[in-house]
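Observations on chain architecture
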Amino acid sequence: MKAPRPDAVPEGLAPAKWRRRGLPWYAKPAADQGGAFALQVSRTDLVRAVARRLKP
């Protein structure tokens, strides 16, 4: 049985984070979704993430 798919991404939806094959991934609402259900799914850039944590 399939779950119903929403027509649009709800407002204020927080990004989801998980690990796949030992690497961090994320999913967040797409910037230009045009009223459709669209998510941007990608791996987290580890170099940028570490650099962001080291900056004061």
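Residues numbered from 1 in each chain as written. Predicted model: local features only at pLDDT ≥ 70, side-chain atom pairs only at ≥ 80, totals over all residues. Heavy atoms only, no water.

1. Examining the layout of surface pockets
The space that makes up the largest pocket amounts to roughly 450 Å³. Along the walls of the largest pocket sit 16 residues, with K17, Y26, T44, A49 and R52 positioned nearest its centre. For the lining of the largest pocket, the secondary structure elements donating two or more residues are β1 (16-20), β2 (23-29) and α1 (46-54). Considering each element in turn, the lining of the largest pocket owes the most residues, five residues, to α1. (1 Å grid on protein atoms, 1.4 Å probe; cavity = no way out; pocket = protein on both sides within 12 Å on 5 of 7 lines; lining within 4 Å. Points joined across faces, edges and corners; volume = space filled by probe spheres on them. Helix = DSSP H or I, 4+ residues; strand = E, 2+ residues; numbered from the N terminus.)

2. Brief notes about a positive patch on the surface
Judged by side-chain charge, K17, K28, R48, R52 and R53 come together as a positively charged surface patch. Examining the composition of the positive patch, we find that three residues originate from one element, α1, more than from any other. Looking at the secondary structure, you find R48 in helix α1. Since its relative accessible area comes to 57%, R48 is described here as exposed. (Patch = residues over 30% accessible without salt bridge, like charges linked within 9 Å, V, L, I, M, F, W, Y side chains within 5 Å. Areas by Shrake-Rupley, 256 points an atom, 1.4 Å probe, with all protein chains shown as cover. Salt bridge = Lys/Arg side-chain N within 4 Å of Asp/Glu carboxyl O. Lys, Arg positive; Asp, Glu negative; His and termini not counted. Charge placed at Lys NZ, Arg CZ, Asp CG, Glu CD. Buried < 20%, exposed > 50% of the residue type's maximum accessible area, 1.4 Å probe, protein only.)

3. Describing the sheet that holds β1
Here we have three strands laid out as an open sheet, ordered β1-β2-β3, and antiparallel in their pairing. On the outer flanks of this sheet lie β1 and β3 (39-43), each paired with one strand and no other. Shown here is a sheet whose adjacent strand axes are inclined to one another by a mean of 20°, direction ignored. Judged from the five bridges that link them, β1 and β2 form a sheet pairing that is antiparallel. When the bridges of β2 are listed, W18 appears paired with W25. (Pairing = 2+ DSSP bridges. Axes fitted to C-alpha atoms, helices over the stretch in contact; angles between N-to-C directions.)

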